[in-house]
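# Inside the fold
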Amino acid sequence: MRSLSIALKPTGLTYNKERGMHGITDQAVVNRVVKGDVDAFGVLVDKYQDRIYSAVYNYVSNSEDAVDITQDAFVKAYTKLTSFDSGSTFYTWLYRIAVNTAIDFLRKRKSRPADSLDDDKFSEVGFEPVSGDAGADPVKVLNANEQQRILHSAIASLSEKLKTVIVLHDVEGLSQEEVAQILKVPVGTVKSRVSRGRAELRNLLRKQIGDMV
Amino acid sequence: MKCGKVTDLMSEYIDDCLPGSVRVEFELHIRSCHECSEELAQMRDMVSSLHSLSGQRAPVDCWTAVQARIVLKESVWTVFVRYLMRPYVAGPVFALGILLALFLAWPSPIDDSEMQYQVHAPSMKMTATQPEFVQFIGAHNRVEHEQTYIDPDVTFIAVEMERVSPR
């Protein structure tokens with residue numbers, strides 16, 4: 001594992017990837033970056049890359065695209081960092097940038113029919129081992145992979161708005177308040193979208209499983 | 001509570017968002033209705049399966065790529081600024097800037113007749129070569145000489161009347 005150690009001289013704080021954060025708030029790191037310390041942004045990237053990647057991966061159902069979108073989101077966040085409102089939380093702001101980048105990506109892909117074939121869309125899903133354990137039961141792994149593939153396929157069929165709340169709330173486990181903050185909509189709107197999204201997803205899954213049987 | 005209402009409230013029940021009294025009613029119905037109970041169990045399974053999709057780890061170290069792109073972006077800008085700051089680039093650019101400023105600030109010679117046209121007939125799209133325009137200016141000047149106070153509206157009406165029935 002790559003060791004990242006960044007000295008934040010004025011405050012005397014250090015960040016080490018293995019040891020974790022030591023009293024550094026996101027806002028303190030953001031302030032350092034805004035003052036010109038580019039390397040300090042690495043702290044934020046290391047801290048949030050897995051969460052952002054996971055959300056984006058479940059949104060676009062493709063690992064390579066998810067990596068590109070995640071990197072794009074971080075670069076956009078860096079360039080817009082001066083406009084970050086210190087009154088809001090950094091990760092909800094970052095999620096908003098990532099979600100918007102993913103939405104833009106899917107819209108562009110839709111406008112290019114050759115790139116949006118279902119075979120390409122889900123080519124990767126189903127071949128990634130769920131467990132890294134070499135001794136894992138292959139039947140269980142296959143079943144889990146099949147379940148993932150079906151779920152991703154159903155999520156991909158949802159409308160943009162419903163897909164966003166389902167991924168953020170049900171998959172990534174963010175609270176309804178956090179999702180509302182990310183999407184800049186009232187909590188009531190998130191509640192109703194979650195409810196509609198689940199109902200639609202249940203119907204889609206029933207249909208898919210019915211087709212398989 | 002009926003089955004339809006229970007189905008509508010299922011999502012909120014799973015998220016523990018139902019108020020006390022509604023929750024009690026909901027649970028009473030679930031205990032007595034096998035279909036709704038099954039439906040709730042399926043919905044719970046689905047939500048739990050969805051949550052199992054989380055926790056994906058980025059397969060690559062994002063910071064290396066992000067850092068490269070940030071440095072590249074910054075370096076392009078820095079190189080551009082440094083290039084501009086070189087004396088043999090900055091000198092001509094500065095001189096060009098001064099010339100442009102002088103050119104923009106220099107008073108331009110404007111034809112009086114054009115000014116008159118712009119003031120008195122701003123809404124009429126006519127050029128000096130059109131006979132209508134010549135007629136308009138001629139009539140306008142005659143009307144203007146007859147008045148001590150030039151009211152644009154009165155002038156315009158008078159001009160239009162003259163155009164319709166010339167003297």
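Residues numbered from 1 in each chain as written. Chains lettered and ligands numbered in written order. Predicted model: local features only at pLDDT ≥ 70, side-chain atom pairs only at ≥ 80, totals over all residues. Heavy atoms only, no water.

So, on to the overall build of chain A. Scanning chain A from N- to C-terminus turns up nine helices and two strands. Taken from the N to the C terminus, the helices and strands of chain A come in the order β-β-α-α-α-α-α-α-α-α-α. Out of the 213 residues in chain A, the part that is buried amounts to 48%. Contacts spanning at least 24 positions in sequence make up 60% of the contacts within chain A whose residues lie at least 6 apart. Of the roughly 10,400 Å² of accessible surface on chain A, 53% is carried by carbon and sulfur atoms. (Helix = DSSP H or I, 4+ residues; strand = E, 2+ residues; numbered from the N terminus. Buried < 20%, exposed > 50% of the residue type's maximum accessible area, 1.4 Å probe, protein only. Contact = heavy atoms within 4.5 Å. Areas by Shrake-Rupley, 256 points an atom, 1.4 Å probe, with all protein chains shown as cover.)

Glancing now at the overall build of chain B. Scanning chain B for helices and strands turns up eight helices and zero strands. The buried share of chain B, reckoned over its 167 residues, is 24%. Total accessible area on chain B is roughly 12,000 Å²; 63% of this is exposed by carbon and sulfur atoms.

Residues and elements named next belong to chain A. Relative to the helices and strands, Thr164 resides in helix α7 (residues 160–171). Of the residues examined, Thr164 reaches a relative accessible area of 4% and is grouped as buried. Side-chain polar atoms of Thr164 contact the backbone oxygen of Glu160, separated by 2.6 Å. (Polar contact = N/O pair within 3.5 Å; in protein donor to acceptor, adjacent residues only side chain to side chain.)

Between chain A and chain B, the residue contacts involve 44 residues of the former and 34 residues of the latter. The interface formed by chain A and chain B contains five salt bridges. Salt-bridge contacts for Arg202(A) lead to Glu39(B); the nearest nitrogen and oxygen are separated by 3.2 Å. Element by element, the count of residues in the side of chain A that touches chain B is highest for helix α2 (residues 41–60) of chain A, at ten residues. Within the side of chain A that touches chain B, the residues separate by chemical class into 17 nonpolar, 15 polar and twelve charged. (Salt bridge = Lys/Arg side-chain N within 4 Å of Asp/Glu carboxyl O. Nonpolar A, V, L, I, M, F, W, Y, C, P; charged D, E, K, R; others polar.)

In an α-helix there are 3.6 residues to a turn, and that puts residues three or four apart on one side. The end-to-end C-alpha distance of helix α4 (residues 90–110) of chain A, which contains 21 residues, comes to 30 Å, matching closely the 30 Å that a straight helix rising 1.5 Å per residue would cover. In terms of residue burial, α4(A) counts as a mostly covered element, since 15 of its 21 residues are buried. (Expected span 1.5 Å × (residues − 1).)

Residues and elements named next belong to chain B. Together, Trp77, Phe80, Val81, Leu84, Met85 and Val93 make up an exposed nonpolar region whose accessible area comes to about 600 Å². Among the elements that line the nonpolar patch, the one with the most residues is helix α4 (residues 62–85), at five residues. Of note, Met85 is situated in helix α4. According to the relative accessible area criterion, Met85 is exposed, its value standing at 62%. (Patch = residues over 30% accessible without salt bridge, like charges linked within 9 Å, V, L, I, M, F, W, Y side chains within 5 Å.)

Here the focus is the packing of aromatic side chains. Residues and elements named next belong to chain A. Across all of its chains, the model carries eleven aromatic pairs over all chains by this definition. Measuring from centroid to centroid gives 6.5 Å for Phe41 and Phe74, while their planes differ by 80°, and the two rings are edge-to-face. With Phe41 in helix α2 and Phe74 in helix α3 (residues 63–79), this pair connects stretches of sequence that are 33 residues apart. Each of the two residues, Phe41 as well as Phe74, counts as buried. Arranged with centres 6.3 Å apart and planes meeting at 75°, the rings of Tyr91 and Tyr95 form a pair that is edge-to-face. Here Tyr95 and Tyr91 lie together in helix α4, a separation of four residues that amounts to about one turn. One aromatic cluster is present, built from ring pairs that chain together Tyr48, Phe84, Phe90, Tyr91, Trp93 and Tyr95. The aromatic ring of Tyr91 is capped on one face by Arg51, whose charged end is 5.0 Å from the ring centroid. We note Lys163 situated over the ring of Tyr59; from NZ or CZ to the ring centre the distance is 4.8 Å. (Phe/Tyr/Trp six-rings, centres within 6.5 Å; stacked < 30°, edge-to-face > 60°. Lys NZ or Arg CZ within 6 Å of the ring centre and 35° of its normal.)

Of all residues in chain B, 71% have pLDDT values of 70 or greater, and the mean over the chain is 78. Among the scores for the predicted complex, ipTM is 0.74 and pTM is 0.65. (pLDDT = per-residue confidence, 0-100.)

Okay, the environment of Ser61(A) next. Positionally, Ser61(A) belongs in the loop between α2 and α3. In this structure the C-alpha to C-alpha distance between Ser61(A) and Ser153(A), which are 92 residues apart in sequence, comes to 8.1 Å.

A word on the pattern of salt bridges. With the rule as written, the count across this model stands at 13 salt bridges over all chains. A salt bridge links Asp170(A) to Arg198(A); its shortest N-O distance comes to 2.7 Å. Within this pair, whereas Asp170(A) is found in helix α7, its partner Arg198(A) is found in helix α9 (residues 187–212), the two being separated by 28 residues in sequence. Look at the salt bridges and you will find they share partners, linking Asp170(A), Arg198(A) and Asp15(B) into a network.

Take the nonpolar core next. Membership of the largest hydrophobic core comes to 78 residues, with the highest contact counts inside it found for Phe41(A), Val60(A), Phe90(A), Leu201(A), Phe26(B) and Val66(B). For Phe41(A), the contacting residues outside a window of four places in its chain are Val33(A), Phe74(A), Ala77(A), Tyr78(A), Leu81(A), Trp63(B), Val66(B) and Ile70(B). (Core = buried A, V, L, I, M, F, W, Y, C linked by side-chain atoms within 4.5 Å.)

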